[in-house]
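Examination of the molecular architecture
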Amino acid sequence: MTDLPASDHPLENTPFDRALRRLRRDRAARLTTEPHPLLVRMAEEIEERLAMVSRRFERALDLGAGPGLLGQQLRAQGIEVASADAGALFADHLGGTQCDEDRLPFPSGTFDLVVSAGTLDSVNDLPGALVQIRRLLKPDGLFLAAFAGAGSLPLLRQAMRAADEAEDQPASPRLHPQIDIRAAGDLLGRAGFALPVADSEKVSVRFPTLDRLVGDLRELGWTNILSARSRRPIGRLGLAAAKAAFAEAADVDGRATERFEIIHLSGWAPSPDQPQPARRGSGTVSLAEALRRKN
């Protein structure tokens, strides 16, 4: 059986539309005047976790770099940084490489640190992307990432259901499936990372209107890019129902609280001098212990 060329493979755009994802990243680049607070939160947490590591890193890849916040923080520490993003505008602005996270063009063992904030949840082949990230790392290299996971955006989901019901339409896939923490941890282990750790934090953001929430998601590049998305626009009746459902969740000050479940990943490229992980299910390795390295 002959393999199809990558661009023609039936799974090439499953579940996400690659071309649309790049366009959404470009739109986010045009909308971005300064890093969004959620990206700032992710970058600060990654930086804090990196500060727990006693070893020094020399060359890092900022994957899904966006406006370049993480890269800027790493350069301030004297680390050489290469930037990569699926969007041409973000990549060009940073003098980086345009590529998808599951199509990395860098040679094996190029970096001793790979970081990513806010994009891995919309990669078509996430298991493959993690394998490629591990391949890029030198032995004992570190991978740190953060992205929105399962449990995020419950108010938006409720509003979209209200829109479909108001227009007597079947539920449409308007938000993409989200990765839960257990699956994320399993994927790290399957990709061959040593000392894999997945944990999460809940972040609440208050919005005055549904329009403001959607505007923020556009700025982040987090809007619907599912290949199976409905091409039928929401009509006026559905839009009014969605806004009403969102407004019903508002507090007395008129703002509604939307929730984001941020998943954090860390893992090391295998190396002979690493401590061996505890047996599966023992639960004896903490995040601090997994990140801490001996001088």
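Residues numbered from 1 in each chain as written. Predicted model: local features only at pLDDT ≥ 70, side-chain atom pairs only at ≥ 80, totals over all residues. Heavy atoms only, no water.

1. Focus on the overall build of the chain
Note the cut-off: The secondary structure listing takes helices from DSSP runs of H or I that are at least 4 residues long and strands from runs of E that are at least 2 residues long, numbered from the N terminus. Throughout this description, buried means an accessible area under 20% of the type-specific maximum (1.4 Å probe, protein chains only), exposed means over 50%, and partly exposed covers the range between.
Across its full length, the chain carries ten helices and seven strands. Going through the 295 residues of the chain one by one, you find that 48% of them count as buried.

2. Re the pattern of salt bridges
The criterion, for reference: Here a salt bridge means any side-chain nitrogen of Lys or Arg lying within 4 Å of a carboxyl oxygen belonging to Asp or Glu.
Counted according to the given criterion, the structure contains 21 salt bridges. Asp251 is the salt-bridge partner of Arg206, the closest N and O atoms lying 2.6 Å from each other. In this pair, Arg206 sits in strand β6 (residues 194–207) while Asp251 sits in the loop between α9 (236–248) and β7 (256–268), placing the two residues 45 residues apart along the sequence. Its relative accessible area of 40% is what places Asp251 among the partly exposed residues.

3. What to know about the pairing of strand β5 (residues 137–148)
We apply this condition: Strands are treated as partners if at least two bridges between them are detected by DSSP. A crossover counts as right-handed when, viewed with the strands pointing away from the observer, the path leading from the first strand over the helix to the second turns clockwise.
With ten of twelve residues buried, β5 is to be regarded as a mostly interior element. Pairing analysis gives six bridges linking strand β4 (residues 111–117) to β5, with the strands arranged parallel. Looking at the pairing, Ala117 lines up with Ala146 of β5. Crossover β4 to β5 through helix α5 (residues 126–136) is right-handed.

4. Notes on the sheet that holds β7
A sheet is described by the order of its strands in space; here seven strands give the open sequence β3-β2-β1-β4-β5-β7-β6, paired in mixed fashion. Bordering the open sheet on either side are β3 (97–98) and β6, each of which pairs with just one other strand. Inspection of the sheet shows strand β1 (residues 59–63) paired to strand β2 (residues 80–85) by five bridges, in the parallel sense. By the bridge assignment for β2, Asp62 is matched with Ser83.

5. A closer look at the packing of helix α8 (residues 210–220) against α9
Each pair of packed helices can be summarised by the angle the axes make with each other and by the distance between the axes. Note the threshold: Comment: axis = line fitted to C-alpha atoms, over the contacting stretch for helices; angle = value between 0 and 180 degrees taken between N-to-C directions. Any angle that falls under 35 degrees is termed roughly parallel, while one over 145 is termed roughly antiparallel, one within 65 to 115 roughly perpendicular, and all others oblique. Note on contacts: a residue pair is in contact if any heavy atoms of the two residues lie within 4.5 Å. Ten residues, namely Ala, Val, Leu, Ile, Met, Phe, Trp, Tyr, Cys and Pro, are considered nonpolar, four, namely Asp, Glu, Lys and Arg, are considered charged, and the remaining ones, Gly among them, are considered polar.
Where α8 contacts α9, the two axes come as close as 9 Å, and the packing angle between them is 100 degrees. Between α8 and α9, the crossing angle belongs to the class labelled roughly perpendicular. Side by side, α8 and α9 meet where Leu210, Asp211 and Leu213 of the first sit next to Ala242, Lys243 and Phe246 of the second. When grouped by side-chain class, the residues that make up the contact of α8 with α9 number four nonpolar, no polar and two charged.

6. Digging into the nonpolar core
The line we're drawing: We define a nonpolar core as any set of buried Ala, Val, Leu, Ile, Met, Phe, Trp, Tyr and Cys residues linked to one another through side-chain atoms lying within 4.5 Å.
One finds Leu113, Leu213 and Phe260 to be the most contacted residues of the largest nonpolar core, which totals 43 residues. Filtering out sequence-adjacent residues up to four positions away, Leu113 remains in contact with Leu50, Phe57, Arg59, Ala60, Leu61, Leu74, Ile79, Leu137 and Leu142.

7. Topic: the packing of aromatic side chains
This is how it is decided: Stacked, tilted and edge-to-face are the three classes applied to pairs of Phe, Tyr and Trp rings, where Trp contributes its six-membered ring and a pair requires centres within 6.5 Å; stacked means planes under 30 degrees apart, edge-to-face means over 60, and tilted covers the rest.
What the rule picks out here adds up to three aromatic pairs. Plain terms: the ring middles of Phe106 and Phe111 are 5.5 Å apart, the flat faces sit at 80 degrees to each other, and that makes the pair edge-to-face. Overall, the relative accessible area of 13% leaves Phe106 in the buried class. With a relative accessible area of 0%, Phe111 lands in the buried category. Both rings, one in Phe143 and one in Phe193, keep their centres 5.4 Å apart while their planes meet at 25 degrees; by these two values the pair is stacked.

8. Some details on the environment of Ala129
Summarising the element assignment, Ala129 is placed in helix α5. Residue Ala129 is classed as buried on the basis of its relative accessible area of 0%. As for Ala129 and Arg103, which are separated by 26 residues in sequence, their C-alpha atoms are 7.2 Å apart. Beyond its immediate sequence surroundings of up to four residues, Ala129 is in contact with Glu101, Asp102 and Val123.

9. Digging into the environment of Gly215
When you line up the elements, Gly215 lands in helix α8. Taking relative accessible area as the criterion, Gly215 reaches 29% and is therefore assigned partly exposed. Taking the C-alpha atoms as reference points, Gly215 and Leu31, separated by 184 residues in sequence, lie 9.4 Å from one another.

10. Description of the layout of surface pockets
Note the threshold: Only protein atoms enter the 1 Å grid used here, on which a cavity is any set of points holding a 1.4 Å probe that cannot leave and a pocket is any open set flanked by protein within 12 Å on both sides along at least five of seven lines; residues with an atom within 4 Å of a point are listed as lining. Grid points are joined across faces, edges and corners, and a volume is the space filled by probe spheres set on the points.
Empty space within the largest pocket amounts to approximately 850 Å³. Along the walls of the largest pocket sit 33 residues, with Met160, Arg174, Val214, Thr223 and Asn224 positioned nearest its centre. Sorting the residues of the lining of the largest pocket by element identifies α1 (18–31), α6 (154–166), α8 and α9 as the ones contributing at least two each. Counting residues per element, the lining of the largest pocket draws most heavily on α8, at six residues. When its residues are assigned to classes, the lining of the largest pocket shows 15 nonpolar, eight polar and ten charged.

Purely spatial values, then, with no claim about function.
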